[in-house]
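# Observations on chain architecture
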Amino acid sequence: FQLLVPAEAAHAAAAAAGSLGALQFKDLNEGRPASQRAFASHVRRCDEMARALRFLDSQLLTSGAVFSTSSASPSSSSSSATEPLDALEARLADLEHRVLEANAGRDRVSRAVAELVELRAVLEVGGLFFSAARSDAAAASLDDVRRVRGGNMQGDLPPSSSSSAAAYAAGGVDAPLLTPAPPPADAAESGGAGGMGGGFGPSSSASTAAAAAAAAASSRRLGFIAGTVADSRRAGFERLLFRATRGNLLYRDSQVGKLSDPATGEEADKSVFVVFFAGERARSKALKICEAYGANRYPYPGGDEPQRAAAMAAEVDARLRELRAAVDAGDADRDALLSAVASGISGWSARVAKEKAIYHTLNKFSVDVTRKVLVGEAWCPVRARPAVAAALRAAANAALATGGGGSSAAAPGAPSAVVAPGLGGGSTVVFQPMLTYEQPPTHFATDKVSGAFQVRRRSFFFFAFFFFRFWGFFSLRFVLTKISLSFLLQPLLLLSRPSSMPTASPATARPTRPS
């Protein structure tokens, strides 16, 4: 049959034909690629909406919450079926954007929570490190005081050593490791003379002494880096630090269990480390090694400020409570959004699949530029012709009465209002038979009861057809191979057989027994 439909009624006619299921359309644009067909843009829009629906479905599965679909009433399903395609596309785009924003916000807050948790662990374990060092320093200072007093009484310690030990004992862990030695008397006298040594006066000697003192202080200044590193990388991290600085560092670490990585969001066993070093070169090397091993560095106030470390820990705890409350609120909003998605995603998926099938069918039509209509060809059972013609006319008339039925299915070059000559007076669709010599497809008229049996029959006979076809092919090939071999081997057997059989001579003949 040939079908001629106006552009405004094409979408409605194709939908009516699909609901009947009695037409099998032929592709009249077989040579054209899919991207150059009339409704390729509509198919791409349906593909984009299907992608958004797959994303929303994946978010429903990965959310871990159980959403009820009881709110999806038949009225909501019918509303989604009658909703314009443009409105459905805008709704799906808005839902996808909102879900993406909720996911991005949750990722940011979760990353901040993970960083604060690691910082809290660094503050706690670092405080233990420094408190242990402070207690060790206090014990060492007492020993030094006893040693200094004993040495002074016995006279076996120089005054400079005794003053350095006394200063360390008085300052504890924060005292300098070395005490700058006073300048020699001859150097001071030569610096103050002013006439010798190339014209250096008192000011030059003072600046030189200040520069030397600053250099000595910078060389004695210790620094440290605190952070977290994965347990799987801890051994290599410590070994590389030791080798890069040639052992001129002090490394301390302690395991803290499983922590969420701020970069990846995955939980892993981690350790808190503190690296003590001297000099800027050692600091730069340590920073590069931390970056190479993925170690997260965090600020620490230092061992001489325990009150500041305690205040910082309290501030981190307060910030953690706020962020966790924000995470809970964001999860509640996201669950409410996904619940609304779960109530209508089944209807939206069916609607998008139906629209895509309609536009795929319309891509099989050809555009008649002269009459400005869409022309299609389809196979139809003869007994279903009146019902198909009535359904096509009703759908086309309703679409033209409402201005296209809310669908934007106009083909390129088609007018805004075209009425094709029909079967009767004022009909908008032409559905007429065509003369063809092609073999029609097989059609089985079924109902609800016989349709199930027909499906089983088709599935079984499809398998049986291919099975027996291949089995018969191989069996026939085997038989033909045997026959061909027998025909080839028969002349060889005849040639190998002797031409005359030898006969026994009378002398050698065995006498027969008389009866």
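Model, not experiment: these values are computed from the prediction.

## Considering the packing of helix α1 (residues 7–20) against helix α11 (residues 385–401)
Interhelical geometry of α1 versus α11 gives an angle of 145° and a closest axis separation of 8 Å. Like other packed secondary-structure pairs, α1 and α11 cross with a definite hand, here right-handed. Residues Glu8, Ala9, Ala12, Ala13, Ala16, Ala17 and Leu20 of α1 touch α11, and the partners they reach there are Ala387, Val388, Ala391, Leu392, Ala395, Ala396, Ala399 and Leu400. Along the lines of polarity and charge, the residues of the contact of α1 with α11 split into 14 nonpolar, no polar and one charged.

## Re the nonpolar core
Ranked by internal contacts, the top residues of the largest apolar core, which has 48 residues, are Leu3, Leu23, Leu56, Leu362, Val388, Leu392 and Phe431. Elements with a contribution of two residues or more to this core: β1 (2–5), α1, α2 (40–62), α4 (85–154), α10 (306–362), β8 (373–379) and α11. The element that contributes the greatest number of residues to this core is α10, accounting for ten residues. Contacts of Val388, omitting those with residues within four sequence positions, involve Leu20, Ala22, Leu23, Cys380 and Phe431. Ala121, Leu123, Ala309 and Leu323 belong to the second-largest nonpolar core, a separate cluster that totals 20 residues.

## With respect to the packing of aromatic side chains
Taken as a whole and judged by the stated rule, the model has nine aromatic pairs. Geometrically, the ring pair formed by Phe1 and Phe431 is stacked, given 4.9 Å between the ring centres and 10° between the ring planes. Remark: Phe431 occurs in strand β9 (residues 430–432) and Phe1 occurs in the segment before β1; sequence separation between them is 430 residues. Phe431 shares its class with Phe1; the two are buried. Between Phe237 and Phe273, the aromatic rings sit 5.0 Å apart at their centres with planes inclined by 65°, giving edge-to-face as the arrangement.

Rules and cut-offs
- Residues numbered from 1 in each chain as written.
- Predicted model: local features only at pLDDT ≥ 70, side-chain atom pairs only at ≥ 80, totals over all residues.
- Heavy atoms only, no water.
- Axes fitted to C-alpha atoms, helices over the stretch in contact; angles between N-to-C directions.
- Helix = DSSP H or I, 4+ residues; strand = E, 2+ residues; numbered from the N terminus.
- Left-handed = near helix turned anticlockwise from the far one by under 90°.
- Contact = heavy atoms within 4.5 Å.
- Nonpolar A, V, L, I, M, F, W, Y, C, P; charged D, E, K, R; others polar.
- Core = buried A, V, L, I, M, F, W, Y, C linked by side-chain atoms within 4.5 Å.
- Buried < 20%, exposed > 50% of the residue type's maximum accessible area, 1.4 Å probe, protein only.
- Phe/Tyr/Trp six-rings, centres within 6.5 Å; stacked < 30°, edge-to-face > 60°.

Read these as layout, nothing more, since geometry by itself doesn't imply function.
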